[in-house]
Amino acid sequence: MDTAAILETGAKLAFVIGINLGFFAPVLAWVERKQSAVMQDRIGANRADIFGFTVIGLFHSLADALKLIFKEDFVPRGADVTMHRLAPMIALIPALMGMAVIPFGGTYEIGGHAVNLVVADLDMGLLFVFAIASVATYGVVIGAWASNNNWSMLGGLRAAAQMFSYEVTMGLTIIGLLMYYQSLSLVEIVAKQESFWNWGIIYQWPAFILFLACAIAENKRVPFDIPEAESEIVAGYFTEYSGMKFIMFWTAEFIEVVTISALCVVLFFGGHHCAFISDAGLVALFGGGDLGNILAMLFGVAVFLVKVCVLIFIQMIIRWTLPRFRYDQVMMLGWKMILPLSLVWILFVGVAILTGLMPTPA
Amino acid sequence: MAITIKKIERGPKLTLWERSFVPEILRGMWITSRHFFHNMKTLTQEFALGGGRSKRSIMTLYYPEERPVTPVAYRGRPVLVRGANGLEKCVACGLCEAACPPHCISIVGAERDNGDRYPTTYTLDGAKCIFCGRCEEVCPKEAIVMSDDWAELCTYDRGEMLYDKERLLRPEASLARRLAFLRNNAFSKARYQ
Ligand code: SF4
Ligand code: SF4
C-alpha cells in the first residue's frame, strides 16, 4: 500500500467513525426524545442550555454524556469483573465495524487517483455485515451473564434466543435480493442500482419489509425490545451497567440503527444514486475534471446521508408507534411467519428470474 | 351428567390480511406521523414565524414561564378579602372555624372602638387545609374565598405554611372574578335569600 492509499483509507475511516460517533449517536439520542415527544403531542426535553441557548434541546445529549462520564462506574458484587468490562466493548465495536463495508458513495477520479467511497471493498461484504452483527450478540449475552443479576440473566437469555433466531431469518430474507443482483459485494450491488428501475425496492419490496422487521428485531428495539423490557425485567441485559459502559451499550444501539438504515439504502434504495442521473452524468453536470468529481462525490455522499436519515426517521416512527411484542409472539413471528415467507419469496424470485418475469440488472 | 362442550369465542375472527398486521401497522404509523407533522407545523408557526402561543397544538405549557389560567370554579388557597376601606371583611364570627373539617382555622376576635368585630389573629394552617371550600361556603360576609393560588405553595419549612392574617389578606379587586362567580352560583346564598 502506498502512502496515498493509506491516507485515503484513513480519511474514509475517520469520516465513517466521526459521522457515527460524533454526529449520529448524539443526534439520534436527541431525535429519539424530540420526535417521540412531538409525535405524542408533547414538547420534549428543552431546558439544557449553554449561555441561555437551548438549540431545541440539542444540548441534552451533551449534558447526558457529561453526566454519565462523571458517574460512578459500578461493578456489582459477585460480577465477573473482566467480562463485565469487556461486554460493552464487544457490543460497540462490531456495531461500528459493520459500517466498514457499506459504500457511502461511488468511485471518483480525483487527481488521477480512483477514490472508492467504501472503507473496505470486500467481495462478500454482505456476509461480513451479518457475521459482525452476530458478534454483537456475544456482547449482550456476556454482559448479562457477567452482571450476576437475575434480571440481566433473563434479558441475556431472551436476547440470545431472539438474536440468533432472527439472524437466520434475516439472512434468508435477502437471498432473493442476492439472486436478483447476483453478487454479495455491496459495492457491486450499489453499482447495479444506477437506474431507478433497478433499485431493490421496485422488485424486492416484500424482502424489504421482511428485512426491516428482522433488522429491528436483531437490534432489539421496540417492538422487539423484550431483552430490555423495562416493565418486566428492569433494563434487561444492561441493568447493572452505569456511566460510560452504559453509554457504550446505548451508542451501540444507535449505531446499529444507522447501520440498518445504511444497509437498507444500499440494498433497496440505490445507495448514493439519485434516481435518474447516472454517476458519469452527475460528474459531467458538475463540469467534469477534478472539481466535478469532488462535487459529485460530495453530492453522492449527501444523497446517501439523506436517504439514511429518512430510513432512520421511519425506524423511529415504528419504534414510537408499536407496543412491545410478547416473548412467544416474537419467536413465533420469526420462526413461523418471516422464515417461511422468506423461503417462499426465494422460491418465487428463483422462478421469476428463470422465466424472465424479473429481469436481473446487468 | 353428560359432558357438554361449550365453545368460547376468543376475540374477533381476523382475516389473513388483518392477521398479517401490515395494514394496521401502517395505519398506526400514519396516525403517529400525522401528529408529528401537524405538531411540527404549528411549532414552526409558533416559534420560527412568530405566531405565538395561539398557534400551538401541543397542550404542554412552558411552566414556570407560562401559567395556566385556572377555571373560576377552581379552589386554590383560601384567602381573606381585604375590603375597599383597607380592612378585613371578616367579623370573627367563627363559622368557618367550626365548619372547617380538619380544624385548620383558629381565630381570636375583638371589637373595634366603633363596635365592629374583627379578628385580632386569624391563622390558617395550609399544611392541614384540604381545599374543600367549606369556609367560603359558610362565611356570611364573603370574607374568605378560595383564590386561584395553586403554585409554589410548598415550602422548605413547615412553619411557613402556617398563614397568619397578613399573608391571607388579598385586595377585593383581585378576587372579583371569584366573588362574582359565588354570587351567580346555583348554590349561592343570594339565591336562597
Ligand atoms: S378550605 Fe376547607 S379545610 Fe381549608 S380552611 Fe377552608 S374549610 Fe378548612
Ligand atoms: S366565617 Fe367569615 S366572617 Fe366568620 S370568622 Fe370565618 S371568615 Fe370571618
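A short tour of the structure in this document, coming up. (Residues numbered from 1 in each chain as written. Chains lettered and ligands numbered in written order. Predicted model: local features only at pLDDT ≥ 70, side-chain atom pairs only at ≥ 80, totals over all residues. Heavy atoms only, no water.)

So, on to empty space enclosed by the protein. Residues and elements named next belong to chain A. Going through the model one piece at a time under the given rule, you end up with six cavities of 30 Å³ or more. The calculated volume of the largest cavity comes to roughly 200 Å³. Val129, Ala133, Glu256, Thr259 and Ile260 are, among the 18 residues lining the largest cavity, the residues nearest its centre. Taken together, the elements giving at least two residues each to the lining of the largest cavity come down to α3 (81–97), α4 (125–146), α5 (150–173), α8 (200–218) and α9 (243–268). (1 Å grid on protein atoms, 1.4 Å probe; cavity = no way out; pocket = protein on both sides within 12 Å on 5 of 7 lines; lining within 4 Å. Points joined across faces, edges and corners; volume = space filled by probe spheres on them. Helix = DSSP H or I, 4+ residues; strand = E, 2+ residues; numbered from the N terminus.)

What follows covers the sheet that holds strand β3 (residues 117–125) of chain B. Residue and element names in this part refer to chain B. A sheet is described by the order of its strands in space; here three strands give the open sequence β2-β3-β5, paired in antiparallel fashion. On the outer flanks of this sheet lie β2 (105–111) and β5 (162–163), each paired with one strand and no other. Judged from the two bridges that link them, β3 and β5 form a sheet pairing that is antiparallel. Following the sheet pairing, Leu124 is matched in β5 by Tyr163. (Pairing = 2+ DSSP bridges.)

Look at the link from B:Tyr63 to B:Pro64: it is a cis peptide, with omega at 5 degrees. Tracing the chain through its elements places B:Pro64 in the loop between α2 (22–48) and β1 (78–82). Backbone geometry places A:Asn148, a non-glycine residue, at a positive phi of 55 degrees. Tracing the backbone through its elements, the reader meets A:Asn148 in the loop between α4 and α5. Backbone geometry at B:Ala92 places phi at a positive 55 degrees, although glycine is not the residue there. Assignment of secondary structure puts B:Ala92 in the loop between β1 and α3 (95–99).

Contact residues are listed per partner, giving 19 residues for chain B and 16 residues for chain A. Counting the contacts that link chain B with chain A gives one salt bridge. Taking the shortest distance from any N to any O, the salt bridge between A:Arg47 and B:Glu65 comes out at 3.1 Å. Taken together, the links from chain B to chain A amount to six residue pairs in polar contact (both at pLDDT 80 or more). Take the side of chain B that touches chain A: its biggest share by element is 11 residues, from α2(B). (Contact = heavy atoms within 4.5 Å. Salt bridge = Lys/Arg side-chain N within 4 Å of Asp/Glu carboxyl O. Polar contact = N/O pair within 3.5 Å; in protein donor to acceptor, adjacent residues only side chain to side chain.)

Moving on, we come to the site of ligand 2. Around ligand 2, the surrounding shell consists of B:Cys90, B:Val91, B:Ala92, B:Cys93, B:Gly94, B:Leu95, B:Cys96, B:Ile107, B:Tyr122, B:Cys139, B:Pro140 and B:Ile144. The class makeup of the residues in the shell around ligand 2 is 11 nonpolar, one polar and no charged. (Near = heavy atom within 4 Å. Nonpolar A, V, L, I, M, F, W, Y, C, P; charged D, E, K, R; others polar.)

A few words on the nonpolar core. Judged by nonpolar contacts, the single largest core of 80 residues is most densely connected at A:Leu186, A:Phe211, A:Leu263, A:Leu267 and A:Phe268. No other element matches the 11 residues that α9(A) contributes to this core. Ignoring anything within four residues of it in the chain, the contact list for A:Phe211 reads A:Phe130, A:Met170, A:Thr173, A:Ile174, A:Leu263, A:Cys264, A:Leu267 and A:Phe268. Judged by nonpolar contacts, the second largest core, of 20 residues, contains B:Cys135, B:Cys139, B:Leu153 and B:Leu168. (Core = buried A, V, L, I, M, F, W, Y, C linked by side-chain atoms within 4.5 Å. Buried < 20%, exposed > 50% of the residue type's maximum accessible area, 1.4 Å probe, protein only.)

Geometrically, a packed helix pair is captured by the angle between its two axes and the distance between the axes. Residues and elements named next belong to chain A. Axis separation between α8 and helix α12 (residues 327–354) bottoms out at 11 Å; the angle between their running directions is 155 degrees. Judged by the inter-axis angle, α8 sits roughly antiparallel to α12. For the crossing formed where α8 meets α12, the hand is left-handed. Side by side, α8 and α12 meet where Tyr203, Gln204, Pro206, Ala207, Leu210, Ala213 and Cys214 of the first sit next to Ile338, Leu341, Ser342, Trp345 and Val349 of the second. (Axes fitted to C-alpha atoms, helices over the stretch in contact; angles between N-to-C directions. Parallel < 35°, antiparallel > 145°, perpendicular 65-115°, else oblique. Left-handed = near helix turned anticlockwise from the far one by under 90°.)

Everything listed here is a matter of coordinates, which is why it stays silent on function.
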